[in-house]
Amino acid sequence: MITARARRALVFLFGAGLSLALDGCMVGPQYARPTAPLAPAFKEPLPENFKSEDGWKLAQPGDAQLKGDWWTLFNDPQLNTLEAQVDPANQTLQEAEANFRAARAAVRFNRASEAPTIGTTPSVGALRDSNNQPYLNVSGANNGEGNFTLPFDLDYEVYLWGRVRRAVTQAREQAQASAADLETSRLSLHAELAVDYFDLRSADAQTKLLDDTVKAFQSALDLTEDRYNGGASPLSDVTQARTQLQTAQVQATDVDIQRAMYEHAIAVLIGKPPAVFSLLPDPITVAAPTIPAVPGMLPSQLLERRPDIASSERSMAAVNEQIGIAQTAYYPTLSLSAVTGFAGTSAINWFSWPSRFFAVDSTLSETVFDHGRRRATSDIALAQYDGTVAAYRQTTLTAFQQVEDNLNALHNLEIEARQQRDATASAQQSLDLFNTRYEDGVDTYLQVITWQTALLQNQCNDIEITQRSFEASILLVKALGGGWDSSQLPQRL
C-alpha cells in the first residue's frame, strides 16, 4: 500500500517529468532570419586611391579588414589621443552601457523562472485565552502555550510548452540587441569625433587662408591709398580696396565662431567641459591631403559588419519568441506548491522531530473563455514581428545607401579636387595679370577686386573639398561598421 508520503513524492516526480517532457513540445514558430535585399557588388565606382594594392579589397582577411581603432588609418596622433578618451568618458556611451547591463540582468531574471521559489516566514509568539470570555469551552482553552513556527514555502510553475525557455531566449536576444546598440553608439560617437576634428582642422586652414588674405588686402589698400595720394588713382579704388579688406575680416571672424563650436563639440564627446579644453591650430594640408583608402567588403558581408543591422536582427528574433510565448496561453499551466517546517509550543520542542509538518499541492489550470483575449495577444505578437522584419530590411537598405553615397562622394570629390586645384591656379594667374595691368594703368581696380574675390572663393573651395573628402571617408568607415563584426556579440549572458 502506498503511503501518503510516497504519494506526495510521486506528485513532485510526476510534475518534474511532465515539465521536462512538455517543455520539449515548444509551441510557436522557430526563428529563421528573413531574407534581405542584396546586390552582388556596390554600384558606385571606387576612388582612384582605393584601387592601389593597399586600397579597397573585397572579402580579404587580416590587414585588409577594418579594425576597431579604424581612426588610426588617418595617421593623426592628435586624433588618436582624442579617440582614446571617448570610451571611458563619454556620457552617452555610459548610458548605452548601463542599458546593456540592465538587459543582461533581465536574462538572469527570466532564467530564475526555471527553478522553484523558496521562502520562509518564521514567527515566535504566545497566546492565552481568557477563561471569562463568552462561549468559551474552558476545557479547550489555551493556557499560554507558545507559537514557534519555522515554515518553508515552495512555489513552482512547471514550464510547459516551452514558455519559460522562450522567455529566457527572448531576454538573451534582447540583451544581444542592446549590446549591438552599445556598439552602434560607440561607432557613431567615434565617427562624430573624427568628423568634428577634421572640420576643426579645416577651420584652421580657412583661418590661415583668411589671415594671409587680410594681410594681402591690407597691402593692396595701402597701394591704392598711395596711388590716390599721388593722383594716379581715383577715390573709388580706395573705397573698393577697403571694402574688400573689411569683407575678408568678417569672413575670418565667422570662421572663428565655427572653430569654437567644433572645439566645444569635441570637448563634450570626450567628457570634458568646453571651458577646460582647447586644441592648438593645425591646418589640414590642401595640396596633398592624407585621406586614406578604406578596406572594403561585399554587400553580403555588410549584414554581419553593421551593429545597427545586428541590433535589428536580434530584436526581430526576440519578437519571434514572443509569438511562441503568446501561443502558450492556449495551453494549461501546472503549478506545484509545498510547505514544510517545524512548529512547536516552546523553544524546547520547536525543532524536535514530532514538531515537523508538511503539505504538498498541485494545480492544473486552463482558461476556458476569455472573449478573444489570447487571440488578440497572439495577433499583436505576429504584427510586431512583421514590423521588425520590415525594420530590419529597411535598416539593411539604408546601410547599402550610406555605403553607395559615400563611395560616390569620394569618387567625385577626388575628381572635383583636381578640377578645383586647376581653377585656383587659373584664378591666381588672372589676379597676377590684372595686378600688373592695374599698376601699369591699363585696367581699373575693379578687375583686381573681381579676381581677388574669385581667388579667395576658389581657395576656400579647395579647403571645403578637402574637408568633405575627410568627412566622406569617415562616414564610409561608419557605413561599413567600423571594424565591428556580429561574432563579437556576447554569447554567454
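Further up the page is the structure itself.
What comes next concerns the included structure. (Residues numbered from 1 in each chain as written. Predicted model: local features only at pLDDT ≥ 70, side-chain atom pairs only at ≥ 80, totals over all residues. Heavy atoms only, no water.)

## Considering the overall build of the chain
Next up, step 1: For the chain, the count of helices and strands is 10 helices and five strands.
Next up, step 2: Classification of the 493 residues of the chain by burial places 41% in the buried group.
Next up, step 3: Relative to all contacts within the chain whose residues are 6 or more apart in sequence, the contacts with residues 24 or more apart total 85%.
Next up, step 4: Looking at the chain as shown, the accessible area adds up to about 26,100 Å², and 56% of this sits on carbon and sulfur atoms. (Helix = DSSP H or I, 4+ residues; strand = E, 2+ residues; numbered from the N terminus. Buried < 20%, exposed > 50% of the residue type's maximum accessible area, 1.4 Å probe, protein only. Contact = heavy atoms within 4.5 Å. Areas by Shrake-Rupley, 256 points an atom, 1.4 Å probe, with all protein chains shown as cover.)

## Describing the pattern of salt bridges
Next up, step 1: Per the stated rule, a full pass over the model turns up 20 salt bridges.
Next up, step 2: A salt bridge links R314 to E173; the shortest N-O distance between them is 3.9 Å. In this pair, R314 is assigned in helix α8 (residues 307–327) and E173 in helix α5 (residues 163–229), connecting sequence segments 141 residues apart.
Next up, step 3: Note that R374 and D370 form a salt bridge whose closest N and O atoms lie 2.9 Å from each other.
Next up, step 4: The exposure class assigned to R374 is buried, which follows from its relative accessible area of 13%.
Next up, step 5: Among the residues examined, D370 registers a relative accessible area of 19% and is labelled buried.
Next up, step 6: A cluster of three or more residues bridged by salt bridges with shared partners is formed by R33, E173, E304, E313 and R314. (Salt bridge = Lys/Arg side-chain N within 4 Å of Asp/Glu carboxyl O.)

## Section: empty space enclosed by the protein
Next up, step 1: Taken as a whole and assessed by the stated rule, the structure comprises one cavity of 30 Å³ or more.
Next up, step 2: Each pocket or cavity is described by its volume, and for the largest cavity that value is around 30 Å³.
Next up, step 3: Lining the largest cavity we find V286, A417, Q420, R421, D462, I465 and T466.
Next up, step 4: Its residues assigned to classes, the lining of the largest cavity shows three nonpolar, two polar and two charged. (1 Å grid on protein atoms, 1.4 Å probe; cavity = no way out; pocket = protein on both sides within 12 Å on 5 of 7 lines; lining within 4 Å. Points joined across faces, edges and corners; volume = space filled by probe spheres on them. Nonpolar A, V, L, I, M, F, W, Y, C, P; charged D, E, K, R; others polar.)

## Here's the deal with the packing of aromatic side chains
Next up, step 1: Taken as a whole and judged by the stated rule, the model has 12 aromatic pairs.
Next up, step 2: Summarising the aromatic geometry, the rings of F198 and F470 are spaced 4.2 Å apart at their centres and angled 5 degrees between planes, so their arrangement reads as stacked. Linking F198 in helix α5 with F470 in helix α10 (residues 445–479), this pair joins segments that are 272 residues apart in sequence. F470 carries the same exposure label as F198, and that label is buried.
Next up, step 3: Feature note: the residues F74, Y197, F198 and F470 constitute an aromatic cluster, connected by ring pairs.
Next up, step 4: Positioned above the aromatic ring of Y438, the side-chain terminus of R227 is 4.6 Å from the ring centre. (Phe/Tyr/Trp six-rings, centres within 6.5 Å; stacked < 30°, edge-to-face > 60°. Lys NZ or Arg CZ within 6 Å of the ring centre and 35° of its normal.)

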